[in-house]
Amino acid sequence: MLLYLARRILYTLPIAVGVSIVCFLLIHLAPGDPLSAVIPEGASPEVVAQIKTAYGFDQPLPIQYLNWIWRAVHGDFGMSIMTRRPVMSEVAPAVVNTMILAMAAVLLGFGFGILLGLIAGYTSGSLVDRAVTAISVTGVSVPHYWLGMVLIVIFAVHLGVLPAMGMGAQGSQTFALDWVSLRHLILPACAMAVIPAGIIARSVRGTVIEVLKQDYVQTLFAKGLPPQRVFVHVVKNAAPTVLAIMGLQFAQLLGGSILVETVFSWPGTGFLLNSAIFTRDLPILQGTILVLSMFFVTINLIVDLMQSVLDPRIKRA
Amino acid sequence: MTATTATTITIEAPPKGRRPISRSFWQTAWRRLSRDPVALVCGGILLLILLAAIFAPLIAPHDPYRTSMARRLLPIGDARHWLGTDELGRDLLSRLIYGGRMSLFMGFAPVVLATLIGGTLGIVAGYCGGAINMAIMRVTDVFYAFPSVLLAVAISGVLGAGLVNSLVSLTLVFTPPLARIAESVTTQIRNQDYVEAARATGASGWRIVFGHVLSNVTGPILIYASSMISVAIVIASGLSFLGLGVSPPNAEWGLMLNTLRQSIYVAPVNAILPGVMIFITSMTMNLISDSLRASMDVKV
C-alpha cells in the first residue's frame, strides 16, 4: 500500500513540472515583448537592456525557468503590472473566493446528482428513469454562463428576490458567513452546479445499474437481506467510480468558474483572469493559471489515492 | 429430470427465397441509428440549423449588420423583426441565423482537427510503444492535467482574441483525451493474437495499422469526438462571451450574448435569446452522441 502511494506521488511530480513549464512558456507565447507594458514609450536601448536584466529576461530560457520556479515555490510570483502589488496577494484571496463558490456548487451539484442518479438507477427503464436521464442530459448540455443569465433574469430582474452581482454589500471582496453573502452565493452556485449534477447523475445511474446486475447482489436479495442493507452494498461498490468522477468535476469547477464568475461579477480567480487578460497583466495571468492547475493536479492525485484506499483492486493495476 | 427424456432436435430449413442477412459493423450501427427516434429528431434539428447557417443570405429576413438607432431592443413578436432587435437595432433572427455559421464552425472544426492530430499521435504512440510512446503520452498527460476551460482561456488570452487563436486553443484542449483513447485501443489491439498472426505472415506495419488498428480505433474515437462537439460549442461560445473569440460586429452566438448582456435589465428576453441557440445545438449534439454510442454498443 505504502509503496503504491509513494509510486503514485512520484508519478505526479513530472506532470506537475510539465504543467509549470507550460505555465512558464505561456508568457513567451504572447505576441510582442512580455515587457512591453513595463518599458516606457521611447526608452533608449540601454534602458530597455537594463529593464531586461532587472527582470532576468536576458538569460537563456532554462535558467529563466529555474529562477522563476524557485521563486514560485517560495510563494513569490512576481509583481502585478497593473497594481504593482505582489501577484500572490492578488491571487490568494481570489482563490479563496473561487473555492467558496466551487464548494457551494459541489454541495448542490453532487447532492442532486447522487440523488437523481440513485433514483434513476433503481428504477431503470421506467418513466422516472427517463425523466432523470432527460434532466441530466439537459444539465450536461446547458451553457452554464447562459444559465447564469437566465437565473438573473428570473430571480433578479423579474422576481427581484436575489442579488445579481457581486459577493456582498458594497462590492465586498471577502466572503462573510452572513445572510447577505449567502444570498449572493445562491445564483452563481446554482448556475455552476448544473454540469456536475448532470454528469454525476449519469454516472451514478450507470454504476448502480451495473452493480445491481452483479451476481452477489442477486445472492443478497435471494438470502432475504432487506433492501436497505443491500443498498449499503450497492453504495460501497459504486463509490470508487463515482468518487473519481466527483473529484474530476470538482477540479474542473475550479478552472471552469471563469465564465460564471464573469456573469455574476464574483471576485474570484475567473474574474481576476478576465481582467488580467484585458489589461495584459501577464504575471497575474501566469500566477493564477499555475495555482489553479496545481490544485487540479493535486486533487486528481488525492482522488486516485482515495480510490485505491476504497477499492484495493485498483492498486494492482 | 429432463436429462433422461429424449430430446428431439429439429433442424429448421432456411427460409426460402431470402439469403441469410449478414451485416458489417458499420451497417448494423447505421441501421440502429436510423431507427432511433431521438437520433432522427436531433439530426433533423441540427440539419435545419446547419442548412439555415449555410444558406443564411437566402433565408435571413434582414441584413444582420444594419443598425438602426430608432429600432433598438424591440421586443419579440414585432411585426417587422419577429425575434426583436439587439442593442444596436439589428434584426435578431437574421443575426441568429448568420451566427450559426461561426458557432457551428467553432464547434466542429477544433474537434475534427483534434481527432486527426490526437488520433494520429495516439496510434503512433500505441503502435510504436517504448520511448516514443513515453514521449508522446507524457506530453499529452501534461496538457490533460489542466482544467479544460482554463487551458482554453489561458491560451486564447495570451495569444489574443480572434478566430484562429480560439481554434488553436480549442484544438489543443481536445487533442489529449482523443490521443489517450487512440493510444489505449491501439495498445490493446497490438497485443492481440490475430495482429501477431498478421505480422508473422509478413504484413507490413502500414498494413497492420490501416487494416487492423484503424478499424478498431475509429469507433471509440468517433463516439468520444461526437460527445466533444457539444462541449466545443459551449466553450467556443464561452470564449466569445469573454471577448476572446471573434470580434464585433460579427454575428456569433457567444459574442451576441456578451453584447446583449448589458441590456439584461431592459430587454431580458432578447438578452438570453442567443444562448437558446447554443443550448439547442449542444443538447442535440449530446443526444446524437448518446445514440451513436448505443448504436455501436461501445463502452468508452
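In case you missed it, the structure is sitting above this.
Residues numbered from 1 in each chain as written. Chains lettered and ligands numbered in written order. Predicted model: local features only at pLDDT ≥ 70, side-chain atom pairs only at ≥ 80, totals over all residues. Heavy atoms only, no water.

Here's the deal with the overall build of chain A
Rules: Every helix listed is a DSSP run of H or I at least four residues long, and every strand listed is a run of E at least two residues long, numbered separately from the N terminus. Each residue gets one of three labels from its accessible area relative to the maximum for its type: buried under 20%, exposed over 50%, partly exposed in between, using a 1.4 Å probe on protein chains only. Contacts are assigned to residue pairs with any non-hydrogen atoms lying within 4.5 Å of each other. Accessible areas in this description were obtained via Shrake-Rupley with a 1.4 Å probe; residue shielding takes into account the shown protein chains only.
Helices and strands together make up the secondary structure of chain A, namely 12 helices and 0 strands. From first element to last, N terminus to C terminus, chain A shows the α and β order α-α-α-α-α-α-α-α-α-α-α-α. When its C-alpha atoms are laid out on the principal axes, chain A stretches across 85 × 60 × 30 Å. Residues classed as buried in chain A amount to 48% of the 317 residues present. Counted over contacts in chain A with a minimum sequence separation of 6, partners at least 24 positions apart contribute 74%. Summed over all atoms, the accessible surface of chain A reaches about 15400 Å², with 70% contributed by carbon and sulfur.

Let's talk about the pattern of salt bridges
What counts is decided by this rule: Salt bridges are counted wherever a side-chain nitrogen of Lys or Arg sits within 4 Å of a carboxyl oxygen of Asp or Glu.
Tallied over the entire structure, the rule returns 7 salt bridges over all chains. Put simply, A:D129 and A:R205 hold a salt bridge, and the shortest N to O gap is 2.6 Å. Highlighted residues: A:D129 in helix 5 (residues 127-141) and A:R205 in helix 7 (residues 179-213), separated in sequence by 76 residues. The exposure class assigned to A:D129 is buried, which follows from its relative accessible area of 3%. Among the salt bridges present, the one from B:D141 reaches B:R180, with a minimum N-O distance of 3.0 Å. Here B:R180 lies in helix 7 (residues 163-190) and B:D141 lies in helix 5 (residues 130-144), a separation of 39 residues in the sequence. Using a relative accessible area of 5% as the deciding quantity, one classes B:D141 as buried. Linked through salt bridges whose partners overlap, the residues forming this network are B:R138, B:D141 and B:R180.

Considering the nonpolar core
Operational definition: By convention a nonpolar core is built from buried Ala, Val, Leu, Ile, Met, Phe, Trp, Tyr and Cys residues, the set being connected through side-chain atoms within 4.5 Å.
One finds A:Y145, A:I289 and B:F174 to be the most contacted residues of the largest nonpolar core, which totals 151 residues. At 16 residues, the largest contribution of residues to this core is made by helix 9 (residues 205-241) of chain B. If near-sequence neighbours (up to four positions away) are discounted, A:Y145 is found in contact with A:L259, A:V263, B:V234, B:S237, B:G238, B:F241, B:L257 and B:I278.

Some points on a nonpolar patch on the surface
Residue and element names in this part refer to chain B. The following threshold applies: For patch detection, residues must exceed 30% relative accessible area and be free of salt bridges, and they are connected within 9 Å for like charges or within 5 Å for nonpolar side chains (Val, Leu, Ile, Met, Phe, Trp, Tyr).
Together, L47, L50, L51, I54, F55, L58 and I59 give the surface a local cluster of nonpolar side chains, amounting to about 660 Å² of exposed area. Secondary-structure elements contributing two or more residues to the nonpolar patch are helix 2 (37-54) and helix 3 (56-59). At 4 residues, the largest contribution of residues to the nonpolar patch is made by helix 2. Using a relative accessible area of 47% as the deciding quantity, one classes L47 as partly exposed.

Here we look at the packing of helix 8 (residues 215-222) of chain A against helix 9 (residues 227-264) of chain A
All names here are of chain A. Which entries qualify depends on this criterion: For every element, the axis is a line fit to its C-alpha atoms; helices are fit only across the contacting stretch, and the angle between N-to-C directions ranges from 0 to 180 degrees. Just so you know how the angles are binned, under 35 degrees is roughly parallel, over 145 roughly antiparallel, 65 to 115 roughly perpendicular, and the rest oblique. Crossing handedness is defined as follows: a turn of the near helix away from the far one that is anticlockwise and smaller than a right angle gives a left-handed crossing, while the clockwise case is right-handed. Each residue is assigned to one of three groups, with Ala, Val, Leu, Ile, Met, Phe, Trp, Tyr, Cys and Pro labelled nonpolar, Asp, Glu, Lys and Arg labelled charged, and all others, Gly among them, labelled polar.
The N-to-C vectors of helix 8 and helix 9 enclose an angle of 165 degrees; their axes lie 10 Å apart at closest approach. Taken together, the axes of helix 8 and helix 9 are roughly antiparallel relative to one another. Helix 8 and helix 9 meet at a crossing whose hand is right-handed. Facing Y216, V217, L220 and F221 of helix 8, the residues of helix 9 in contact are P227, V230, H233 and N237. Residues of the contact of helix 8 with helix 9, tallied by class, amount to 6 nonpolar, 2 polar and no charged.

Remarks on the packing of aromatic side chains
The following threshold applies: The aromatic pairing rule takes the rings of Phe, Tyr and Trp, using the six-membered ring of Trp, and pairs them if the centres are within 6.5 Å, calling planes under 30 degrees apart stacked, those over 60 edge-to-face and the rest tilted.
Inspection of every chain in the model, using the stated rule, returns 8 aromatic pairs over all chains. Judged by centre distance (5.5 Å) and plane angle (70 degrees), the rings of A:F24 and A:Y65 are edge-to-face. Pair noted here: A:F24 is in helix 1 (residues 2-29) and A:Y65 is in helix 3 (residues 61-73), with a separation of 41 residues, a long-range link. Judged by relative accessible area, A:Y65 falls into the buried class, the value being 13%. Both rings, one in A:Y145 and one in B:F241, keep their centres 5.1 Å apart while their planes meet at 25 degrees; by these two values the pair is stacked.

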